[in-house]
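Structural overview
Here is how the chains run, residue by residue.
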Amino acid sequence: MSDTARHKLLMLSRYFPPFQTAASHRAVRLGRYLPEFGWDCVVGTTLETCWPTIDLTLNDQIPPEMPVYRFPCCDPQTHLNIWFRRLRGSLAFPKKVLGKSAYYSLWNISSPDSAIWRIGSIYHHVAEIVRKEAPDAIWITGMPFSWFTMIHRLKREFHLPVILDLRDPWTQNPRM
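Residues numbered from 1 in each chain as written. Predicted model: local features only at pLDDT ≥ 70, side-chain atom pairs only at ≥ 80, totals over all residues. Heavy atoms only, no water.

Description of the packing of helix H4 (residues 119–133) against helix H5 (residues 151–158)
For the pair H4 and H5, the least separation of the axes is 11 Å and the interaxial angle reads 35°. Like other packed secondary-structure pairs, H4 and H5 cross with a definite hand, here right-handed. For the pair H4 and H5, contact is made by Tyr123, His124, Val126, Ala127, Val130 and Arg131 and by Arg153, Leu154, Glu157 and Phe158, respectively. Counted by class, the contact of H4 with H5 contains 6 nonpolar, 1 polar and 3 charged residues. (Axes fitted to C-alpha atoms, helices over the stretch in contact; angles between N-to-C directions. Helix = DSSP H or I, 4+ residues; strand = E, 2+ residues; numbered from the N terminus. Left-handed = near helix turned anticlockwise from the far one by under 90°. Contact = heavy atoms within 4.5 Å. Nonpolar A, V, L, I, M, F, W, Y, C, P; charged D, E, K, R; others polar.)

Structure follows, in structure tokens:
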């Protein structure tokens, strides 16, 4: 395909290297192979500090020509889990009880997930990326599925097609 027919895709994926998950590998591979079909990829994802388990060597899989923008995840559940893991000693048992109570409380009042609490902040980071990179389309992968709530606003403000990657966990959510 000639260089004149190039397009740009903004990939929004919370799961992206250096986070250790199969979804991270899937997003990188999609971004690695789309240029063969005339699509260059730009990635919007969360900061490394949002994840308790990371492998910095996974960053080597990201092609150098793929810009990656990172923003705070702003997910209270993630930050609660990280905070509770830091508690040690005599707080070990209360930590477990409090952690599970907080987790299930957040899970039960958050629909579709706890990332919904800060979706406005995430939207502003995504809008900055769209203004700077001027993509031709946006691809959003779940989880967290609350990121899908940005679709209407993104389409209204930027008039771009939005592609959703629902994946299997969407069908396994007991609250749907």
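Re the nonpolar core
Nonpolar side chains in soluble globular proteins tend to end up buried together. Counting 23 residues, the largest nonpolar core has Val126, Ile138, Ile140 and Met150 as the members making the most contacts within it. Element by element, the count of residues in this core is highest for H4, at 7 residues. With sequence-adjacent residues up to four places away left out, isoleucine 138 is seen in contact with Leu9, Leu10, Leu12, Val130, Leu154, Leu160, Pro161, Val162 and Ile163. Ranked by size, the runner-up nonpolar core spans 12 residues in total, among them Leu9, Leu34, Met66 and Trp139. (Core = buried A, V, L, I, M, F, W, Y, C linked by side-chain atoms within 4.5 Å. Buried < 20%, exposed > 50% of the residue type's maximum accessible area, 1.4 Å probe, protein only.)

Structural notes on H4
The end-to-end C-alpha distance of H4, which contains 15 residues, comes to 21 Å, matching closely the 21 Å that a straight helix rising 1.5 Å per residue would cover. The inward-facing, buried residues of H4 abut strand S1 (7–12), strand S2 (39–46), strand S3 (68–71), strand S4 (137–141) and H5. After H4 finishes, the residue alanine 134 shows a positive phi value of roughly 50°. (Expected span 1.5 Å × (residues − 1).)

Here we look at the environment of proline 17
For proline 17, the position within the fold is in the loop between S1 and helix H1 (22–33). Under the relative-accessibility criterion, proline 17 is labelled buried at 1%. Residues proline 17 and leucine 56 lie 39 residues apart in sequence; the distance between their C-alpha atoms is 7.5 Å. Those residues within four positions of proline 17 in sequence are excluded, and the remaining contacts are Ser24, Val28, Leu58, Asn59, Ile62 and Arg70.

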